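Coordinate inspection notes
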Amino acid sequence: MTAPLTVGVLFGGPSEEYEVSRKSACTVMRGLREAGFDPVAIGIARHGRWYGPIAEEDILTFDPVENAPGEVAMMPRPGGTVYRLFDLQPICELDVVFPIIHGTYGEDGRLQGFLDMCCLPYVGAGVGASAVGMDKVYMRDIAKCHGIAQTDYASVLRKRWQKDQTEILEDLTRQFAGAEVFVKPANGGSSIGINKATSRDELIYAIDQAARYDRKILVERAVEKREIELAVMGNDQPVASLPGEILADQAFYDYHSKYESQVSRTVCPANLDEKTTEAVRRTGLEIYRALDMCGLCRVDFFIEKESGRLLFNEVNTLPGFTEISMYAQMWAASGKDLATLCRELVELAIAQRAEVDANAITLGGI
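These notes cover the structure that comes with them. These numbers were taken from a predicted model, which means no experiment stands behind them.

Looking at the sheet that holds strand β7 (residues 96-99)
If you trace the 7 strands from one edge of the open sheet to the other, you get β6-β5-β4-β3-β2-β1-β7, paired in mixed fashion. What marks the edges here is a single partner per strand, and that holds for β6 (89-93) and β7. Each strand axis lies, on average, 40° off the axis of its neighbour in the sheet, ignoring direction. Here strand β4 (residues 71-73) pairs with strand β5 (residues 81-84) via 2 bridges, running antiparallel. Residue pairing in the sheet places V72 in a bridge with R84 of β5.

Brief notes about a nonpolar patch on the surface
Taken together, M75, L85 and L88 make up a surface patch of nonpolar side chains, about 230 Å² in accessible area. In this fold, L88 is placed in the loop between β5 and β6.

Here we look at the pattern of salt bridges
Per the counting criterion, the structure on display carries 24 salt bridges. Across the salt bridge formed by D108 and R110, the nearest N and O atoms sit 3.0 Å from each other. Judged by its relative accessible area of 12%, D108 is buried. On the basis of relative accessibility, which here comes to 49%, the residue R110 falls in the partly exposed class. Its salt-bridge partner being R160, residue D164 comes within 3.8 Å of it at the nearest N-O pair. Given the relative accessible area of 22%, D164 is considered partly exposed.

Some remarks on the packing of helix α6 (residues 165-176) against helix α7 (residues 200-210)
At a closest axis distance of 12 Å, the pairing of α6 and α7 adopts a crossing angle of 115°. Relative to α7, the crossing made by α6 is right-handed. Contact residues: Q165, L169 and L172 in α6; R200, L203, I204 and I207 in α7. When its residues are assigned to classes, the contact of α6 with α7 shows 5 nonpolar, 1 polar and 1 charged.

With respect to the environment of D116
Relative to the helices and strands, D116 resides in helix α2 (residues 110-117). For the pair D116 and G126, spaced 10 residues apart in sequence, the C-alpha to C-alpha distance is 8.5 Å. Those residues in contact with D116 that sit more than four places away from it in its chain are Y122, V127 and R353.

Let's talk about unusual backbone geometry
Negative phi is the rule for most residues except glycine; trans is the rule for most peptide bonds. For the bond running from G52 to P53, omega is -15°, close enough to zero to count as cis. Counting through the fold element by element, P53 comes out in strand β3 (residues 50-54). Here the amide bond leading from C268 into P269 is cis, since omega sits at -5°, within 30 degrees of zero. The backbone of Y105 sits at a positive phi, close to 75°, despite the residue not being glycine. Structurally, the position occupied by Y105 is in the loop between β7 and α2. Y105 sits in the partly exposed class, given a relative accessible area of 41%. Non-glycine residue D292 carries a positive phi angle of around 60°. Mapped onto the elements of the fold, D292 is located in the loop between α9 (274-290) and β16 (295-304).

Some details on helix α3 (residues 127-134)
A129, S130, V132, G133 and M134 are the residues of α3 that are buried. The inward-facing, buried residues of α3 contact α2, α4 (136-145) and β17 (310-316).

So, the pairing of β3
Here β3 lies mainly inside the structure; 4 of its 5 residues are buried. Alignment of strand β2 (residues 38-44) against β3, held across 3 bridges, turns out to be antiparallel. Along β3, the bridge assignment pairs G43 with Y51. What sits between the antiparallel neighbours β2 and β3 is a turn of 5 residues, in which G48 has the positive phi angle 100°. Across 2 bridges, the pairing between β3 and β4 is antiparallel. Within β4, the position partnered with Y51 by the bridge is E71.

What counts as what
- Residues numbered from 1 in each chain as written.
- Predicted model: local features only at pLDDT ≥ 70, side-chain atom pairs only at ≥ 80, totals over all residues.
- Heavy atoms only, no water.
- Pairing = 2+ DSSP bridges.
- Helix = DSSP H or I, 4+ residues; strand = E, 2+ residues; numbered from the N terminus.
- Axes fitted to C-alpha atoms, helices over the stretch in contact; angles between N-to-C directions.
- Patch = residues over 30% accessible without salt bridge, like charges linked within 9 Å, V, L, I, M, F, W, Y side chains within 5 Å.
- Areas by Shrake-Rupley, 256 points an atom, 1.4 Å probe, with all protein chains shown as cover.
- Salt bridge = Lys/Arg side-chain N within 4 Å of Asp/Glu carboxyl O.
- Buried < 20%, exposed > 50% of the residue type's maximum accessible area, 1.4 Å probe, protein only.
- Left-handed = near helix turned anticlockwise from the far one by under 90°.
- Contact = heavy atoms within 4.5 Å.
- Nonpolar A, V, L, I, M, F, W, Y, C, P; charged D, E, K, R; others polar.

As structure tokens, this is what we get:
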């Protein structure tokens, strides 16, 4: 009898989405176990040190201080060996990694690059697609090149904002002609650091707040809209779920609305006619391919209420897996339960690693 694959679930990390990651890890651990894998939780603390294995019942409260016991490490060399740090003794061997570290360091290509150096299969997009998917400005620039409809936007660099605030405000006023805008850190998630601006003073405040979280800031025109989401999975032949809809309790779906509000609701599948549903799924797959995604991705859209236009908003390359997160909900509404979803994601990770390993390596001098 073949032993089950050991899947390392990496969670936590030096990210503003630390708490969300802990909640996602609990769901992923359960799904992997139900799918027949041997899941091992490895927690990365806010200060960046790795600990493990973490007992499943301790994931939600995982928050070690500096130099806490149980520190572990992996080395940037082929293999999935996890070592106990104080004596470098191996404690487990990972076959696949399921990184569920949302936001900075876990979703932006940095962790993916390290796992590539370890020659380990991992769930989700590779280095390039992760970095582009995390950066809302790069992501929108590529979508624009592919002719995908989206809201009007502009980018601001923090250093320039600190030096040329008056000039930037004049440029934004000309571009958006007094319209309401949303201001976001270009690299971020869970709606942290996002504010709506309807006046010059609000715009200054919103840019200052976004600049706390990233050196690059996205400013985009606000529209009266419905918020539609789509779950996509696959490598070279991706498939799309039925869309879902966010019914937020306020002007936009911020961190409070997502994780704390008792009023915000999600609807899966969304109440859309057949033609609109097909347009969402077709466009989502087009975006997935344009950004060279693999494994999984959530694609977010707006439907402008006045015109009915479908507008691309953003992608999320490591979407939340909390009890209320949309990605698994949309697949459940499409007939794929959590265990099946986790099993297929691991299989996609292994297949994508095999694709990478098929590349020829030319030795120097040949």
